[in-house]
Amino acid sequence: MARASKAAPKPDPKTAEGMTASPDEQFAWYRSMLLIRRFEERAGQLYGMGLIGGFCHLYIGQEAIAVGMQSIAHSGDQVITGYRDHGHMLAAGMDPRAVMAELTGRAPGSARGKGGSMHMFDVQAGFYGGHGIVGAQVPIGTGLALANKYRGKPNVCFTYLGDGAANQGQVFEAMNMAALWKLPVVYVIENNQYAMGTSVERATAETHLYRRGAAFNIEGAEVDGMDIEAVRDAGARAAEHARSGGGPFVLEMKTYRYRGHSMSDPAKYRTREEVDEVRKTRDPIDHFRERLEARGLGDETRFKDIDAEVKKIVADAAEFARTAPEPDPRELYTDVYAEA
Ligand SMILES: Cc1ncc(C[n+]2csc(CCOP(=O)(O)OP(=O)(O)O)c2C)c(N)n1
Ligand SMILES: [Mg+2]
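Residues numbered from 1 in each chain as written. Chains lettered and ligands numbered in written order. Predicted model: local features only at pLDDT ≥ 70, side-chain atom pairs only at ≥ 80, totals over all residues. Heavy atoms only, no water.

**Regarding the coordination of the magnesium ion (ligand 2)**
At step 1: Looking at the magnesium ion (ligand 2), the protein donor atoms are D163 (OD), N192 (OD1) and Y194 (O), and they sit 2.1 to 2.2 Å from it.
At step 2: Here the donor residues of the magnesium ion (ligand 2) are spaced in sequence according to D-x28-N-x1-Y. Here D163, found in the loop between β2 (157-162) and α6 (169-180), pairs with N192, found in the loop between β3 (185-191) and β4 (194-195); they are 29 residues apart in sequence, far enough to count as distant.
At step 3: On the accessibility criterion, N192 (5% relative accessible area) is buried. (Donors = N, O, S within 2.8 Å, 3.2 Å for Na, K, Ca; no water. Helix = DSSP H or I, 4+ residues; strand = E, 2+ residues; numbered from the N terminus. Buried < 20%, exposed > 50% of the residue type's maximum accessible area, 1.4 Å probe, protein only.)

Structure follows, in C-alpha cells:
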C-alpha cells in the first residue's frame, strides 16, 4: 500500500475479493444494502408521523460502506460510529425490530427505549454505539483497539467518522497514540461531502481525507464508497494491515448522503440536481444489481424474492415499533448511571 502522502492506489478489480465470492455471498450483500435502504425509508416515514422523537440521521446512499466493511470483518471485531448509525447496526446483525423499537422509544428497543437513534449499543453484535458528540467515538474506538492488543486478541476495531469529524482535535490525538502503539484500528472516514450544511471544501484545508494520518505515518487510501466491492477490497487490505501488527490505517470512503443531515434540514447548501445526479449515476444498490446482472446472476425472481423478504422484515419491525409498550416509568433511573 502506498504511503498516505502519495496518490492512493485504486482497488484492482481483478484482485477484489468480490470477484471470488460465491453468488450467494454477493446476493447477501445486495440484500443487506437493500434492508438498510428500506429500513431507513420507513424510519423517515415513522418520524414524519411523529412516532420518533429527538434526532434521527438517515444513512441512505452510504449503504455500501457499512455492508462492505462488515463483509470482511472477523468474528470479535468491533464497530463504533457517530450518530448516523442505523446502517452499521443492521450490517452488524442487530435485530431490525430492536433497532426500530428503540427509534420509537419502546421498552423492547435495544437500549430499552431510553437511547433513541444515536445511543444504541450491542456488544454481542460487536457494535459499540452510536455517539452524538462529533468525533468522540474516535478515541473510544482507539481504546477498543488498545484493549484488543493488551488482551492479545486478534481483533480490529473499525472506527467510523464523518468528513466533518475528521477536523476534530481529539481525532489527531487518538491517531498519534494509535500509530505510536501500533494499535489494530481502521479509521473509516465516510466522506459524504457535507458536515450538516458545510461542504468539505468550505471547512477543510486538505480535502484528501485519506491523508489525515500522514503526520503520524499512518497509511491511507481513497476508496469509491459507492462500490461495495471496492470497499471490500480496500477494507480487507486495511484490516489485514492492522490485524497483523502494522498499526492503524485510514480509509477515505467517497460517498454521498441523499437525505438531509437530520430530519430537519433546509437543504439550501446543495441543489436538487446534484442529489439526483448521484442517485442516477452512482447509487450503490442499483450499481451492484447491474453488476450482478452483467455477471449472469440477474435472475429476476431472485431479486423479487429479496425485495419481498426485505419489505416484510421492515414492515414487521415498523409494526412492532409502533405497537410495543413504552418503558415503565419506574425504569427511569435504571441503567442510566453506573458506579465503577
Ligand atoms: C462536538 C460537536 N460539535 C458540533 C456538533 C453538531 N453537529 C452534529 S452533526 C455535525 C456534522 C458532522 O458532519 P460529518 O462528520 O461530516 O458527519 P455526517 O453527518 O456527514 O455523517 C455537527 C457539526 C456535535 N454534535 N458535536
Ligand atoms: Mg459528512
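**A few points about the packing of aromatic side chains**
Aromatic rings considered in pairs are described by the distance between their centres and by the relative angle of their planes.
At step 1: A full pass over the atoms with the stated rule returns 6 aromatic pairs.
At step 2: Each ring, one from F121 and one from Y128, has its centre 5.5 Å from the other, and the planes form 70°; the classification is edge-to-face.
At step 3: Ring centres of Y194 and Y269 lie 5.1 Å apart, and the angle between their planes is 55°; on these two criteria the pair is classed as tilted. In this pair, Y194 sits in strand β4 while Y269 sits in the loop between β7 (249-254) and α9 (272-282), placing the two residues 75 residues apart along the sequence.
At step 4: By relative accessible area, which is 9% here, Y194 ends up buried.
At step 5: A network of ring pairs unites the aromatic residues F27, Y30 and F303 as a single cluster.
At step 6: Between R289 and the ring centre of F303, over which it is positioned, the NZ or CZ distance is 4.0 Å. (Phe/Tyr/Trp six-rings, centres within 6.5 Å; stacked < 30°, edge-to-face > 60°. Lys NZ or Arg CZ within 6 Å of the ring centre and 35° of its normal.)

**Examining the site of ligand 1**
At step 1: Neighbouring ligand 1 are 15 residues, the closest being Y83, R84, G164, A165 and N192.
At step 2: Residue Y83 places a side-chain N or O atom 2.6 Å away from an oxygen atom belonging to ligand 1.
At step 3: In the environment of ligand 1, an oxygen atom lies 3.1 Å from a nitrogen or oxygen atom belonging to the side chain of D163.
At step 4: Calculation on ligand 1 without its partners gives an accessible area of 590 Å², and the protein chains cover 71% of this total.
At step 5: The class makeup of the residues in the shell around ligand 1 is 7 nonpolar, 6 polar and 2 charged. (Near = heavy atom within 4 Å. Polar contact = N/O pair within 3.5 Å; in protein donor to acceptor, adjacent residues only side chain to side chain. Areas by Shrake-Rupley, 256 points an atom, 1.4 Å probe, with all protein chains shown as cover. Nonpolar A, V, L, I, M, F, W, Y, C, P; charged D, E, K, R; others polar.)

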